[in-house]
Amino acid sequence: LSFSSAQLPAHLTPEKKAALWLETIANANLRADVDIPDRANFYGAGKTAIIGSSTISWGKANAVRVQRNARHIALDQNDSVFLLLHNGGGPVGGSQFGRDVILSDGGAAIFDCKDAQLTQTRAGGAVFSLHVPRQALSRFGIEIEDHSARLIDSRTEALRLLRGYLKILLDTSPHDSAELA
């Protein structure tokens, strides 16, 4: 699945493009409250692929705020964990378990889908996300709550490799992000 506001008809206003994005992408794929504070200048692009029980995505947009609360959690019973990996542009932030984290320069953080969370992009922030079932990590004795919303240093070899694999799997070149938005 892919989306780019640049590929929508030119006669549509940015506000209409934002409304279409919310209706077709955000509301269909996210159980969360999604807000676009600057709809008059909206742009966004994204790609998603499902591989086995995992979902990988790439996205870039102007400011977007995604908040998941108890109502969303009760509706979908999503028990996955996701890694948010900064992939250029403006900073991306997240909050969970009373911790705030700002991702830039390739940093990453883990978030727990069964607990309330907030993620937001600032102008031009691009991210990869990798959703995996909790049980894939729990066999290793990892306590997700202890690691959620904590910065993972961008200089780790594991993140460098993961970023490369995600680009290949989603077929995004290093220069894709600028043209897609």
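I will try to describe carefully the structure that is included in this document. Everything numeric in this text was worked out from a predicted model, so none of it was measured.

Conventions we followed
Residues numbered from 1 in each chain as written. Predicted model: local features only at pLDDT ≥ 70, side-chain atom pairs only at ≥ 80, totals over all residues. Heavy atoms only, no water. Phe/Tyr/Trp six-rings, centres within 6.5 Å; stacked < 30°, edge-to-face > 60°. Helix = DSSP H or I, 4+ residues; strand = E, 2+ residues; numbered from the N terminus. Buried < 20%, exposed > 50% of the residue type's maximum accessible area, 1.4 Å probe, protein only. Core = buried A, V, L, I, M, F, W, Y, C linked by side-chain atoms within 4.5 Å. Contact = heavy atoms within 4.5 Å. Pairing = 2+ DSSP bridges. Expected span 1.5 Å × (residues − 1). Arc of directions from axis to C-beta. Axes fitted to C-alpha atoms, helices over the stretch in contact; angles between N-to-C directions.

Take the packing of aromatic side chains next. Taken as a whole and assessed by the stated rule, the structure comprises two aromatic pairs. Their ring planes at 45° and their centres at 5.8 Å tell us that Trp-21 and Phe-42 sit as a pair that is tilted. Of the two residues, Trp-21 sits in helix α1 (residues 14-29) while Phe-42 sits in the loop between β2 (33-35) and β3 (44-51), which places them 21 residues apart along the sequence. For Trp-21, a relative accessible area of 13% puts it in the buried group. For Phe-42, a relative accessible area of 6% translates into the label buried.

A few words now on the nonpolar core. In this structure, Trp-58, Leu-83, Leu-85, Phe-128, Leu-159 and Leu-166 are the most contacted members of the largest nonpolar core, which totals 15 residues. Each residue touching Leu-159, except ones within four places of it in the same chain, is listed here: Leu-83, Leu-85, Gly-106, Ala-108, Ile-152, Asp-153 and Ser-154. Listed in part, the eleven residues of the second largest apolar core include Phe-3, Ala-18, Val-34 and Val-66.

Relative to the assigned elements, Asp-33 resides in strand β2. A relative accessible area of 38% places Asp-33 in the partly exposed class. Between the C-alpha atom of Asp-33 and that of Arg-68, which follows or precedes it by 35 residues, the distance is 6.4 Å. When residues no more than four places from it in sequence are discounted, the contact partners of Asp-33 are Arg-65, Val-66, Gln-67, Asn-69, Arg-71 and His-72.

Our focus in this paragraph is the pairing of strand β11 (residues 125-133). Put simply, side chains in a regular strand alternate between the two faces of the sheet. Note: strand β4 (residues 54-61) against β11, seven bridges, orientation antiparallel. Across the sheet, residue Trp-58 finds its bridge partner in β11, namely Phe-128. Here strand β6 (residues 80-86) runs beside β11; their pairing, made up of seven bridges, is antiparallel. Each residue of the ladder has a partner; that of Leu-83, found in β11, is Leu-130.

This next bit is on helix α5 (residues 157-169). For α5, which comprises 13 residues, the first-to-last C-alpha distance of 18 Å matches the rise-based estimate of 18 Å (1.5 Å per residue) to within 8%. All buried positions along α5 are accounted for by Leu-159, Leu-162, Arg-163 and Leu-166. Projection of α5 onto a plane perpendicular to its axis shows the buried side chains occupying an angular sector of 100°, all on one side. Across α5 from its buried face, at more than 90 degrees, point the exposed residues Tyr-165 and Ile-168. Tucked into the core, α5 has its buried residues touching β4, β6, β9 (108-112) and β11. A positive phi of about 55° marks Asp-171, the residue just after α5.

In this structure, Ser-80 sits in strand β6. The buried category is assigned to Ser-80, whose relative accessible area is 9%. Not counting the four nearest positions on each side in its chain, Ser-80 is found in contact with Asp-112, Cys-113, Lys-114, His-131, Val-132, Pro-133 and Arg-134.

What follows concerns the sheet that holds β3. Overall, antiparallel pairing links the six strands, which are arranged β1-β3-β4-β11-β6-β9 in an open sheet. Bordering the open sheet on either side are β1 (2-4) and β9, each of which pairs with just one other strand. Recorded for the sheet is a direction-independent mean angle of 15° between the axes of neighbouring strands. Relative to β3, β1 is paired through three bridges, and the arrangement is antiparallel. Counted as the bridge partner of Phe-3 is Gly-46 from β3. The sheet contacts of α5 involve β3, β4, β6, β9 and β11, and relative to β6 the element is tilted by about 95°.

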